[in-house]
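Listed below, chain by chain, are the residues.
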Amino acid sequence: MRCVLLAGKRRFILQKEGEAVSSLTIKRWLVKPFVFFTIIFILKSCLAWGVIFGDLLPWKTILTEIPFVWALFCLIERFASKRKLGYYMTVNLLVTAIFFAAIMYFKYYGVIVTYHAAEQVNQVTAVRNSVFSLMDPYYLLIFADIIILGIYFFFNKKGRTYKKDNINRCDHRRNGKLSFSVLFAVSFALCLFNILPNKASMNEIKKAQEMGILNYEAYTIFAQDKTELVNASEITQDTINKLKGIDPAAVSPLQGAAKGKNLIIIQLESFQSFLMGLKVDGLEITPNLNRLMDDSLYFPNFYQMVGQGNTSDAEFVVNSSYYIPPQGAATMAYVDKDLPSLPKLLQANGYQTATFHTNDVEFWNRGELYSSLGWEQYYDHKFFGDEDTFFFGSSDEVLYRRSAEKLKEMDDSSKPFYAQVISMSAHHPFTIPAEKYQMKLPERYEGTFVGDYIRSQNYADYAFGQFVEELKASGVWDNSLIMVYGDHMGLPIYSLDHDDKELMTEIYGHEYEYSDMLNIPLIIHAGDSLKPQTLEQVGGEIDIMPTAASLLGVSMANNIHFGQDLLSQTYNLLPQRYYLPTGSFIASSGLLIPGNSFEDNTQYKLAAGGKTPAGTEDEYTNALRLRQLSDSYVTQLPDKKTAVE
């Protein structure tokens, strides 16, 4: 009996010792930098994927993201003989920064950040309050390990030495080096396996999801630009018109209806179409714009066509009738060119020109843009000063009051004028000062992104109403063709939380969709010259220049342009860029977003159309071709300095 008890005790002791050894072995593995940081990056990858793709499947993140970091870790293990932990921490910091940048950029722009964004880092920094207003606190968990480890190693010198010694002993094991060399080869092969089959995908978001975020970032750095330039001599207006489906024989019945009048184009910051006529619990949000809409031509199926430059891109597209560049903002990519433009066209027809914006002219490189577009005068922060400032400059009230004074001076001269006025007070994140509130929000809207947006646009409408009254009082209003449009969306789908989405569903009566998000208003007013009516044809910002020229009776025969006169055509094709994947377009047939190719596309009906979407492959092909022709034409325009010489 005693022998049995002793044997049992011995087995119990051996079992405990075995468990202790096993536990110690696991702990030793977990504290190895390779294993520890692998676990950390699995968690960080899941966080990034959850925010960007709405996908929390660990196997997908492990398959796509971990091979990339393993390849980096293997290089550290294979070649670093000292300060390995420092290298691991450096890689951890850099990759974490990439994940965080991808999260925040997606929340603001709806696209995956690439190295091209570095060209606009100064501009993005300027709107950092807008960017970080979209940040949920849990995003900061991605930095938790860096903070904890930093504190630990700063205060625990012994711990640093121990780990360093441990690592140095491992460095001298040849079999360890061989194992890491093999693992590097396997990891690199997995990265290529994720990248190569997905190179041809048209949809950048799907491409990043299939490749993995880190692989996609590396791919964009090393991938060559495949855009082939078409010889400028082959780019004719007839070719463009055929791709767009334009009927060259159609002539607007309103051509020349505003001949001899001034042209005032008003660009409203972040203004979307759903605001027009909107009442919240019986309260009218934009009463002044609603009155103008009822007395004007109104286009409910009008859409933004901007990219990374947002407001400045809208200025470019409206005044040139070209598409935005493939990468970056037009104010960076195209401003070295002598751009054909609406200011130059009207100057050649006896107009004086000026543009008004309360921010500094160097913001988004506008100084160079205005030079390339040929504006005779620009009025920026130096003109408006620091009176009643918030966000990036003086309030819309100051903008409109001082602009109205200058427009009166221009109207008193012997020449008609073209002026563009850029509003800005309703800028993201829409937190206008309390003293600017013109309405009380219903309780369910208070403290929400949608509520702040509606209140800021209510103030913008209030200031706009003052501008209209000032122009009427001075006589400028009756002598002018007025065009009002929103520059770009204010409420991106990917920036809204659950409560915001519910409010948007309440407003629309259906789930908020991409076609709703991109929908901006266009209002055209010229007094008795234009009979008030709502026109359902599809249009985009690229169409403003030819439509204005037609109403003013100015020929565009010598200007290659990619827009069309909205009053002479019933069909339209609008290639989209940046906020939607490559190959996306809006047409009379609806909004189409391709998947990996045209075949797996997703389609949406237009915001004000109600028709079943039926975009075709021919439209898809033509939209891609139109973008290529625009890129090619602008790229081959004469250099601005050469043109002067």
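Quick caveat: nothing in here was measured; it's all calculated off a predicted structure.

What counts and what doesn't
- Residues numbered from 1 in each chain as written.
- Predicted model: local features only at pLDDT ≥ 70, side-chain atom pairs only at ≥ 80, totals over all residues.
- Heavy atoms only, no water.
- Salt bridge = Lys/Arg side-chain N within 4 Å of Asp/Glu carboxyl O.
- Helix = DSSP H or I, 4+ residues; strand = E, 2+ residues; numbered from the N terminus.
- Buried < 20%, exposed > 50% of the residue type's maximum accessible area, 1.4 Å probe, protein only.
- Expected span 1.5 Å × (residues − 1).
- Contact = heavy atoms within 4.5 Å.
- Core = buried A, V, L, I, M, F, W, Y, C linked by side-chain atoms within 4.5 Å.
- 1 Å grid on protein atoms, 1.4 Å probe; cavity = no way out; pocket = protein on both sides within 12 Å on 5 of 7 lines; lining within 4 Å.
- Points joined across faces, edges and corners; volume = space filled by probe spheres on them.
- Nonpolar A, V, L, I, M, F, W, Y, C, P; charged D, E, K, R; others polar.
- Polar contact = N/O pair within 3.5 Å; in protein donor to acceptor, adjacent residues only side chain to side chain.
- Phe/Tyr/Trp six-rings, centres within 6.5 Å; stacked < 30°, edge-to-face > 60°.
- Lys NZ or Arg CZ within 6 Å of the ring centre and 35° of its normal.
- Patch = residues over 30% accessible without salt bridge, like charges linked within 9 Å, V, L, I, M, F, W, Y side chains within 5 Å.
- Areas by Shrake-Rupley, 256 points an atom, 1.4 Å probe, with all protein chains shown as cover.
- Pairing = 2+ DSSP bridges.
- Axes fitted to C-alpha atoms, helices over the stretch in contact; angles between N-to-C directions.
- Parallel < 35°, antiparallel > 145°, perpendicular 65-115°, else oblique.
- Left-handed = near helix turned anticlockwise from the far one by under 90°.

Draft legend 1. Representation of the pattern of salt bridges in the model. Evaluation of the coordinates by the stated rule reveals 16 salt bridges. Ionic pairing is found between Glu368 and Lys640, a salt bridge with its closest N-O pair at 2.7 Å. One end of the pair, Glu368, is in helix H18 (residues 366–373); the other, Lys640, is in helix H26 (residues 640–644), with 272 residues separating them in the sequence. Exposure remark for Glu368: the relative accessible area of 37% places this residue in the partly exposed category.

Draft legend 2. Region of interest: helix H25 (residues 617–635). The terminal C-alpha atoms of H25, which comprises 19 residues, lie 27 Å apart, in line with the 27 Å expected from a rise of 1.5 Å per residue. Along H25, the residues classified as buried are Glu619, Tyr620, Ala623, Leu626, Arg627, Leu629, Ser630, Asp631, Ser632, Tyr633 and Val634. Residues of H25 that are buried make contact with helix H13 (237–244), strand E14 (573–575), strand E15 (585–587) and strand E16 (590–593).

Draft legend 3. Quick peek at the nonpolar core. Residues Leu263, Ile454 and Leu481 are the most contacted members of the largest nonpolar core, which totals 182 residues. Ranked by the residues each element gives to this core, the list is headed by helix H5 (residues 84–109), at 14 residues. Excluding residues within four positions of it along the chain, Leu263 makes contact with Leu342, Leu346, Tyr351, Phe417, Tyr418, Ala419, Leu481, Met483, Ala548 and Leu552.

Draft legend 4. View of the layout of surface pockets. For the second largest pocket, the calculated volume is near 890 Å³. In this structure, the second largest pocket is lined by 42 residues; those nearest its centre are Lys107, Ile493, Tyr494, Ser495 and Leu496. Residue assignment for the lining of the second largest pocket shows that the elements contributing at least two residues are helix H2 (33–52), H5, helix H11 (204–211), helix H21 (449–474), helix H22 (498–508) and strand E17 (602–604). A breakdown of the residues in the lining of the second largest pocket according to their chemical character gives 21 nonpolar, twelve polar and nine charged.

Draft legend 5. Structural context of the side chain of Asn194. By the element assignment, Asn194 lies in helix H10 (residues 174–195). Engagement of the side chain of Asn194 in a polar contact is seen with the backbone oxygen of Leu63, the distance being 3.0 Å. Apart from the residues lying within four places of it in its own chain, the contact partners of Asn194 are Leu63, Thr64, Glu210, Met211 and Asn215.

Draft legend 6. Spotlight on empty space enclosed by the protein. In this structure the tally under the stated criterion is two cavities of 30 Å³ or more. Every residue lining the largest cavity is counted, 24 residues in all, and those nearest its centre are Tyr108, Glu269, Asn310, His427 and His488. By residue class, the composition of the lining of the largest cavity is twelve nonpolar, ten polar and two charged. Size it by volume and the second largest cavity reaches roughly 70 Å³. Along its surface, the second largest cavity is lined by Met305, Val306, Tyr323, Ile324, Pro575, Gln576, Arg577 and Arg627. Here the residues of the lining of the second largest cavity sort into five nonpolar, one polar and two charged.

Draft legend 7. Representation of the packing of aromatic side chains in the model. Tallied over the full model, the rule gives 33 aromatic pairs. Above the ring of Phe79, the side-chain terminus of Arg78 is found at 5.4 Å from the ring centroid. In this arrangement the basic side chain of Arg455 is found over the ring face of Tyr437, its NZ or CZ atom lying 3.9 Å from the centre.

Draft legend 8. Main features of a nonpolar patch on the surface. The grouping of Leu57, Trp59 and Leu63 at the surface amounts to a nonpolar patch, some 300 Å² of accessible area in total. By the element assignment, Leu57 lies in the loop between H2 and helix H3 (58–64).

Draft legend 9. Representation of the sheet that holds E16. Taking strand neighbours across the sheet as the criterion, the four strands line up as E14-E15-E16-E17 in an open arrangement whose pairing is antiparallel. This sheet does not close on itself; its edge strands, each paired only once, are E14 and E17. The sheet shows a mean angle of 20 degrees between the axes of neighbouring strands, taken without regard to direction. Examined bridge by bridge, E14 and E15 share three bridges and lie antiparallel to one another. From the neighbouring strand, Pro575 faces E15, where its bridge partner is Phe585. Contacts from H25 reach E14, E15 and E16, with the element oriented near 60 degrees to E14.

Draft legend 10. Seen up close, the packing of H13 against H25. Taken N-terminus to C-terminus, the directions of H13 and H25 make an angle of 155 degrees; their axes are 9 Å apart at the nearest point. Of the possible angle classes, the one that applies to H13 and H25 is roughly antiparallel. Considering the relative orientation of H13 and H25, their crossing is left-handed. Facing H13, whose interface residues are Thr239, Ile240, Leu243 and Lys244, H25 presents Asn622, Arg625, Leu626 and Leu629. Residue composition of the contact of H13 with H25, by class: four nonpolar, two polar and two charged.

Draft legend 11. View of the environment of Lys206. Along the chain, Lys206 turns up in helix H11. Separated by 388 residues in sequence, Lys206 and Pro594 place their C-alpha atoms 9.8 Å apart. If we ignore the near neighbours within four places in the chain, the residues touching Lys206 are Ser201, Gly595 and Asn596.

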